[in-house]
Amino acid sequence: MKQASRILVIDDDDGVRMLLRRILEQEGYEVEEARNGAIGVRSFRASPVDLVITDIIMPDKEGISTILELREVSEEIKIIAISGGGRISSADHLRTAEDLGVFCTFKKPFDRKELLGAISEALAAS
(Lines give C-alpha, C1' and ligand atoms only; values in the text may rest on other atoms or scores of the structure.)
Protein backbone atom coordinates (compact mmCIF):
# COMPACT_ATOMS: atom_id res chain seq x y z
CA MET A 1 0.00 0.00 0.00
CA LYS A 2 1.27 3.47 -0.91
CA GLN A 3 2.22 5.66 2.02
CA ALA A 4 0.08 8.79 2.45
CA SER A 5 1.67 12.08 1.47
CA ARG A 6 2.57 14.27 4.42
CA ILE A 7 1.56 17.93 4.45
CA LEU A 8 2.68 20.64 6.88
CA VAL A 9 0.11 23.40 7.46
CA ILE A 10 1.57 26.63 8.87
CA ASP A 11 -1.04 29.20 9.93
CA ASP A 12 -1.51 31.30 13.06
CA ASP A 13 -5.32 30.94 12.82
CA ASP A 14 -6.42 27.84 14.76
CA GLY A 15 -9.66 27.68 12.77
CA VAL A 16 -7.86 27.65 9.41
CA ARG A 17 -5.44 24.96 10.61
CA MET A 18 -8.32 22.81 11.87
CA LEU A 19 -10.26 23.27 8.64
CA LEU A 20 -7.26 22.35 6.50
CA ARG A 21 -6.49 19.34 8.71
CA ARG A 22 -10.08 18.08 8.33
CA ILE A 23 -10.12 18.59 4.55
CA LEU A 24 -6.71 16.99 4.04
CA GLU A 25 -7.27 14.03 6.35
CA GLN A 26 -10.58 13.30 4.57
CA GLU A 27 -8.50 12.99 1.40
CA GLY A 28 -6.09 10.56 3.06
CA TYR A 29 -3.17 12.91 3.70
CA GLU A 30 -1.13 12.93 6.92
CA VAL A 31 -1.12 16.43 8.41
CA GLU A 32 1.41 18.22 10.61
CA GLU A 33 0.58 21.66 12.03
CA ALA A 34 2.52 24.74 13.10
CA ARG A 35 1.10 28.01 14.42
CA ASN A 36 3.88 30.17 12.96
CA GLY A 37 6.78 30.02 10.54
CA ALA A 38 9.46 29.50 13.19
CA ILE A 39 7.73 26.38 14.50
CA GLY A 40 6.96 25.26 10.95
CA VAL A 41 10.59 25.48 9.83
CA ARG A 42 11.77 23.63 12.96
CA SER A 43 9.18 20.93 12.31
CA PHE A 44 10.24 20.61 8.65
CA ARG A 45 13.93 20.36 9.60
CA ALA A 46 13.12 17.61 12.12
CA SER A 47 10.80 15.67 9.83
CA PRO A 48 10.53 16.81 6.19
CA VAL A 49 7.11 16.57 4.52
CA ASP A 50 6.00 16.27 0.90
CA LEU A 51 4.23 19.66 0.75
CA VAL A 52 3.95 22.82 2.84
CA ILE A 53 0.89 25.07 2.96
CA THR A 54 1.81 28.35 4.62
CA ASP A 55 -0.05 31.49 5.52
CA ILE A 56 1.75 34.71 4.63
CA ILE A 57 0.68 37.09 7.42
CA MET A 58 1.69 35.60 10.81
CA PRO A 59 3.35 36.80 14.01
CA ASP A 60 6.83 35.58 15.03
CA LYS A 61 7.90 34.53 11.51
CA GLU A 62 5.76 35.58 8.58
CA GLY A 63 5.28 33.53 5.43
CA ILE A 64 7.84 35.14 3.12
CA SER A 65 10.66 34.53 5.63
CA THR A 66 9.29 31.03 6.18
CA ILE A 67 9.36 30.29 2.44
CA LEU A 68 12.93 31.59 2.14
CA GLU A 69 14.11 29.47 5.07
CA LEU A 70 12.29 26.35 3.82
CA ARG A 71 14.01 26.83 0.44
CA GLU A 72 17.39 26.91 2.23
CA VAL A 73 16.57 23.53 3.79
CA SER A 74 15.12 21.99 0.61
CA GLU A 75 15.13 23.60 -2.82
CA GLU A 76 12.65 20.98 -4.06
CA ILE A 77 9.95 21.34 -1.40
CA LYS A 78 6.58 22.19 -2.92
CA ILE A 79 4.94 25.15 -1.19
CA ILE A 80 1.43 26.55 -1.48
CA ALA A 81 0.96 30.05 -0.03
CA ILE A 82 -2.35 31.34 1.32
CA SER A 83 -3.26 34.79 2.57
CA GLY A 84 -6.24 36.68 3.87
CA GLY A 85 -4.44 39.98 3.54
CA GLY A 86 -3.44 42.43 6.19
CA ARG A 87 -2.38 46.05 5.91
CA ILE A 88 -1.11 45.32 2.40
CA SER A 89 -3.43 43.51 0.01
CA SER A 90 -3.17 39.72 -0.06
CA ALA A 91 -2.51 39.94 -3.80
CA ASP A 92 0.77 41.80 -3.14
CA HIS A 93 1.91 39.23 -0.59
CA LEU A 94 0.94 36.34 -2.82
CA ARG A 95 2.73 37.90 -5.80
CA THR A 96 5.91 38.08 -3.68
CA ALA A 97 5.45 34.41 -2.75
CA GLU A 98 5.08 33.55 -6.46
CA ASP A 99 8.32 35.41 -7.17
CA LEU A 100 9.97 33.07 -4.63
CA GLY A 101 8.82 30.04 -6.60
CA VAL A 102 5.90 28.68 -4.60
CA PHE A 103 3.86 26.12 -6.50
CA CYS A 104 0.70 28.25 -6.33
CA THR A 105 -1.17 30.76 -4.18
CA PHE A 106 -4.68 31.12 -2.81
CA LYS A 107 -6.55 34.00 -1.22
CA LYS A 108 -8.60 33.21 1.87
CA PRO A 109 -11.30 32.06 1.82
CA PHE A 110 -10.08 29.43 -0.64
CA ASP A 111 -12.13 27.02 -2.71
CA ARG A 112 -11.81 23.45 -1.35
CA LYS A 113 -11.84 21.78 -4.78
CA GLU A 114 -9.30 24.19 -6.26
CA LEU A 115 -6.99 23.75 -3.27
CA LEU A 116 -7.22 19.95 -3.39
CA GLY A 117 -6.56 20.03 -7.14
CA ALA A 118 -3.45 22.17 -6.61
CA ILE A 119 -2.22 19.86 -3.85
CA SER A 120 -2.68 16.82 -6.05
CA GLU A 121 -0.88 18.55 -8.92
CA ALA A 122 2.00 19.69 -6.69
CA LEU A 123 2.49 16.20 -5.24
CA ALA A 124 2.38 14.64 -8.71
CA ALA A 125 5.11 17.07 -9.82
CA SER A 126 7.40 16.00 -6.95
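For the structure, see preceding data.
Residues numbered from 1 in each chain as written. Predicted model: local features only at pLDDT ≥ 70, side-chain atom pairs only at ≥ 80, totals over all residues. Heavy atoms only, no water.

(A) Fine view of unusual backbone geometry. The omega angle of the peptide bond from Lys-108 to Pro-109 is -5°, so this bond is cis rather than trans. If you check the backbone angles, Asp-60 has positive phi at about 75° while not being a glycine. Assignment of secondary structure puts Asp-60 in the loop between β3 (51–55) and α3 (63–73). A relative accessible area of 71% means that Asp-60 is categorised as exposed. (Helix = DSSP H or I, 4+ residues; strand = E, 2+ residues; numbered from the N terminus. Buried < 20%, exposed > 50% of the residue type's maximum accessible area, 1.4 Å probe, protein only.)

(B) Summary view of the packing of helix α1 (residues 14–26) against helix α5 (residues 112–124). The contact between α1 and α5 brings their axes to 12 Å, and the two run at 60°. By the angle between their directions, the pair α1 and α5 is classed as oblique. Between α1 and α5 lies a crossing whose hand is right-handed. Along its contact with α1, which presents Leu-20, Ile-23, Leu-24 and Gln-26, the element α5 presents Arg-112, Leu-115, Leu-116 and Ile-119. (Axes fitted to C-alpha atoms, helices over the stretch in contact; angles between N-to-C directions. Parallel < 35°, antiparallel > 145°, perpendicular 65-115°, else oblique. Left-handed = near helix turned anticlockwise from the far one by under 90°. Contact = heavy atoms within 4.5 Å.)

(C) Inspection of α3 at higher detail. What α3 keeps buried is the set Gly-63, Ile-64, Thr-66, Ile-67, Leu-70 and Arg-71. Here the buried residues of α3 occupy an arc of 160° about the axis, which is enough to place them on one side. A distance of 2.8 Å separates the backbone nitrogen of Ile-64 from a side-chain oxygen at the start of α3, and that oxygen is part of Glu-62. (Arc of directions from axis to C-beta. Polar contact = N/O pair within 3.5 Å; in protein donor to acceptor, adjacent residues only side chain to side chain.)

(D) View of the environment of Ser-83. Within the fold, Ser-83 resides in strand β4 (residues 78–83). C-alpha of Ser-83 to C-alpha of Leu-123: the two residues are 40 residues apart in sequence and 21 Å apart in space.

(E) Expanded view of the nonpolar core. Formed by 21 residues in total, the largest nonpolar core has its most connected members in Leu-24, Ile-53, Ile-80 and Ile-119. Elements with a minimum of two residues in this core: β1 (6–10), α1, β3, β4, β5 (104–107) and α5. Residue contributions to this core peak at six residues, all from α5. In this view, Ile-53 contacts Ile-7, Leu-8, Val-9, Ile-10, Leu-20, Leu-24, Ile-80, Ile-82 and Ile-119; residues no more than four positions away in its chain are not counted. With 18 residues, the next largest nonpolar core counts Ile-67, Leu-70, Ile-79 and Val-102 among its residues. (Core = buried A, V, L, I, M, F, W, Y, C linked by side-chain atoms within 4.5 Å.)

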